[in-house]
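Residues per chain, in single letters:
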Amino acid sequence: MRFSKLALWASMAVSMVKAIDTIEIRDRHFYNSKTGEPFFIKGVDYQPGGSAAVKKGSDPLSDPEKCARDIFLFQKLGINTIRVYSVDPAIDHNECMTMLAAAGIYLVLDVNSPLPNEHLHDLEPWTTYTPMYLKHVFEVIEVFSGYDNLLAFLSGNEVVHNPGSEKVSPRYVKAVTRDMKAYISNHIHRVIPVGYSNADHVEFRVSLSEYLSCGKVGYIDFFAINSYQWCGENTFKGSGYDILVRDYSNYSLPIFFSEYGCNKVRPRLFQETAALFSEQMTGVFSGGLIYEFTQEDADYGIVQIAANGKDATILSEFDTLQKVHESVPNPKLPDNVQVNKRPECQDPDHYPNIVGDSNLPATLGADYIKNGVASAGNVKWTKGKFISISDVLTQTSYTIKDSSKKEITNKKINFISDVTQAPIPEGGHGLDTGGGTGESASGNNTSGNGDDGSDAISIQVALGTVFASAMAAVFATL
């Protein structure tokens, strides 16, 4: 149902008195820039239908009814972030992104998709690193940079994974990261962190993260791990989490689990969630995202979507995870967190079990980086922006049942944040965050001392400025 504007503002007046808080990176953690408190990602991976359902004309953030259904469940689960793997930049995401922001939920977004010309081939990346591919990447950046609750972009997911990819793909991941940062610097009004997500390969978990973070050009802002090593009833040491923390103790950037939640032992207990937000891990890790929200063929889901694609039923593991989230106290940083500087890039054979070549391929997106992706013509996308809260769904009309198959009648989303935005400035932020020029394949522009001053730049996410008059209007209703 849709409330009238007057009734909706009246209903929100008690709770909605501030904008969605901005987030920034300081050293190796995310922080709430208003309160100064550490921000830990507590979320789920969200791609209903999985990769098989990815197609032009739809994505998880384009259907307001489905978004209203799932955002209600996100809040019930107690999360603050979702990860989406594939989007179509040519369609409208304004209502879903506005609902997410009003509900206090951030987005970590992959810029790739499984469709042709929208991802890197892991074993032959040079065949897919093309102007058409970069056009898609830049269009995703253009659209979603307009939303203040866009937390970060992922330049790749498990590109370095299959045997042989570790020899050829790392430099292309670094090149895409470089191109994304250069484009953001030239054309996007705020700094948006760019990171990479990879499977937790023990043989190069450290070397790959070190290589991707090195140098002055093409370095990631955070490293994300898809980890499934804690299964069933286990402990911090028995699961090997102690080794995971040890391996990254000297890392310089934020790290979080972009996927976690082993399903080899059922039912899942999510003990690892409690460990992740304990001080045993919070000095190194910044939270994580459970894989995954909807039940798919791989059997990781915590919500079952009906065959009609509309109605939803909560599964028992949803209840378990919800209880774990409720029982875990607000995460805190331990005293004396170790702060490390990003490393210089080394010779390619320095990095165990990968080829870490800092001689990156020259960009194939130079025209887009210089002039903007819209300069190519045939523009089918529009930069995203929040819409009036009076114009969004407050609850879904679809049926939602709890794990006992009882229908839930109160499905209203709790809007806790104001989504008023200042006009988005033209042009880019202009800061050097690792984009370089992208014009040369020479190692001269892709390597160097990581201590180049860019770490001192506070990477701000969600830099939306709320109009004073809009805030005054909200307070006036109290």
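Note: the structure precedes this text.
Description of the structure in this document.

### Digging into the overall build of the protein
Phase 1: When its secondary structure is counted, the protein shows twelve helices and 14 strands.
Phase 2: Counting over 478 residues, the protein shows a buried share of 57%.
Phase 3: In the protein, the share of contacts with a sequence separation of at least 24, taken over all contacts with a separation of at least 6, comes to 82%.
Phase 4: Total accessible area computed for the protein in this model is approximately 18600 Å², and 51% of it derives from carbon and sulfur atoms.

### Let's talk about the pattern of salt bridges
Phase 1: Taken as a whole and judged by the stated rule, the model has 16 salt bridges.
Phase 2: For Glu-24, the salt bridge is made with Arg-26, and the minimal N-O distance between the two is 2.5 Å.
Phase 3: By relative accessible area, Glu-24 is classed as buried at 7%.
Phase 4: Of the residues examined, Arg-26 reaches a relative accessible area of 32% and is grouped as partly exposed.
Phase 5: With a closest N to O distance of 3.3 Å, Arg-246 and Asp-247 form a salt bridge.
Phase 6: We classify Asp-247 as partly exposed; its relative accessible area is 23%.

### Observations concerning the state of the cysteines
Phase 1: Inspection of the entire model under this criterion finds three disulfides.
Phase 2: Each sulfur in the disulfide pair Cys-231 and Cys-262 lies 2.0 Å from the other. As the torsion about the S-S bond is roughly 95°, the Cys-231-Cys-262 disulfide counts as right-handed. Here Cys-231 is found in the loop between strand E8 (222–227) and helix H8 (241–247), whereas its partner Cys-262 is found in the loop between strand E9 (255–260) and helix H9 (271–276), with 31 residues between them in sequence.

### Focus on the environment of Gly-104
Phase 1: As for its placement among the helices and strands, Gly-104 is situated in the loop between helix H3 (94–102) and strand E5 (106–110).
Phase 2: Counting along the chain gives 85 residues from Gly-104 to Ala-19, while the straight-line C-alpha distance between them is 9.0 Å.
Phase 3: Setting aside its immediate chain neighbours within four residues, Gly-104 contacts Ile-20, Asn-80, Ile-416 and Ser-417.

### With respect to the sheet that holds strand E11 (residues 303–305)
Phase 1: Reading across from one edge, E11-E12-E13 is the order of the three strands in this open sheet, with mixed pairing throughout. Edge strands, defined here as strands with exactly one partner in the open sheet, are E11 and strand E13 (400–401).
Phase 2: By the bridge criterion, three bridges tie E11 to strand E12 (residues 312–314) in an arrangement that is antiparallel. Directly across from Ile-305, in E12, lies its bridge partner Ala-312.

### Brief notes about the packing of aromatic side chains
Phase 1: Going through the model one piece at a time under the given rule, you end up with 25 aromatic pairs.
Phase 2: Here the aromatic rings of Tyr-196 and Phe-223 are separated by 6.5 Å at their centres, their planes lie at 35°, and the arrangement is tilted. One end of the pair, Tyr-196, is in strand E7 (residues 194–199); the other, Phe-223, is in strand E8, and 27 residues separate them in sequence.
Phase 3: Note on Phe-223: relative accessible area 3%, which makes it buried.
Phase 4: Ring pairing ties together the aromatic residues Tyr-196, Phe-223, Trp-230, Tyr-241, Tyr-248, Tyr-251, Phe-257, Tyr-260 and Phe-285, which thus form one cluster.
Phase 5: A cation over an aromatic ring shows up here: Lys-174 above the ring of Tyr-211, its NZ or CZ 5.1 Å from the ring centre.
Phase 6: The ring of Tyr-219 is capped by Arg-342, whose NZ or CZ atom sits 3.5 Å from the centre of that ring.

### Side note on the side chain of Asn-94
Phase 1: For Asn-94, the location among the structural elements is in helix H3.
Phase 2: According to the relative accessible area criterion, Asn-94 is buried, its value standing at 14%.
Phase 3: At 2.6 Å, the side chain of Asn-94 and the side chain of Tyr-147 are in polar contact.
Phase 4: When sequence neighbours within four positions are dropped, the list of residues in contact with Asn-94 reads Tyr-147, Gly-384, Lys-385 and Ile-387.

### What to know about the nonpolar core
Generally speaking, soluble globular proteins have nonpolar side chains that are buried together.
Phase 1: Of all hydrophobic cores here, the largest spans 122 residues; its most connected members are Leu-61, Phe-74, Ile-82, Met-99, Phe-144, Phe-153 and Phe-285.
Phase 2: Setting aside its immediate chain neighbours within four residues, Ile-82 contacts Val-44, Tyr-46, Leu-61, Phe-74, Leu-100, Ile-105, Tyr-106, Leu-107, Val-108 and Leu-289.

### Digging into the sheet that holds strand E10 (residues 285–290)
Phase 1: If you walk around this closed barrel you meet the eight strands as E3-E4-E5-E6-E7-E8-E9-E10, and the pairing is parallel. Across the sheet, the mean angle from the axis of one strand to that of its neighbour is 30°, orientation sign disregarded.
Phase 2: In this sheet, strand E4 (residues 81–84) lies alongside strand E3 (residues 41–45) in parallel orientation, the contact comprising three bridges. Considered in E4, the bridge of Val-44 is made with Ile-82.

Rules and cut-offs
Residues numbered from 1 in each chain as written. Predicted model: local features only at pLDDT ≥ 70, side-chain atom pairs only at ≥ 80, totals over all residues. Heavy atoms only, no water. Helix = DSSP H or I, 4+ residues; strand = E, 2+ residues; numbered from the N terminus. Buried < 20%, exposed > 50% of the residue type's maximum accessible area, 1.4 Å probe, protein only. Contact = heavy atoms within 4.5 Å. Areas by Shrake-Rupley, 256 points an atom, 1.4 Å probe, with all protein chains shown as cover. Salt bridge = Lys/Arg side-chain N within 4 Å of Asp/Glu carboxyl O. Disulfide = S-S within 2.5 Å. Pairing = 2+ DSSP bridges. Phe/Tyr/Trp six-rings, centres within 6.5 Å; stacked < 30°, edge-to-face > 60°. Lys NZ or Arg CZ within 6 Å of the ring centre and 35° of its normal. Polar contact = N/O pair within 3.5 Å; in protein donor to acceptor, adjacent residues only side chain to side chain. Core = buried A, V, L, I, M, F, W, Y, C linked by side-chain atoms within 4.5 Å. Axes fitted to C-alpha atoms, helices over the stretch in contact; angles between N-to-C directions.

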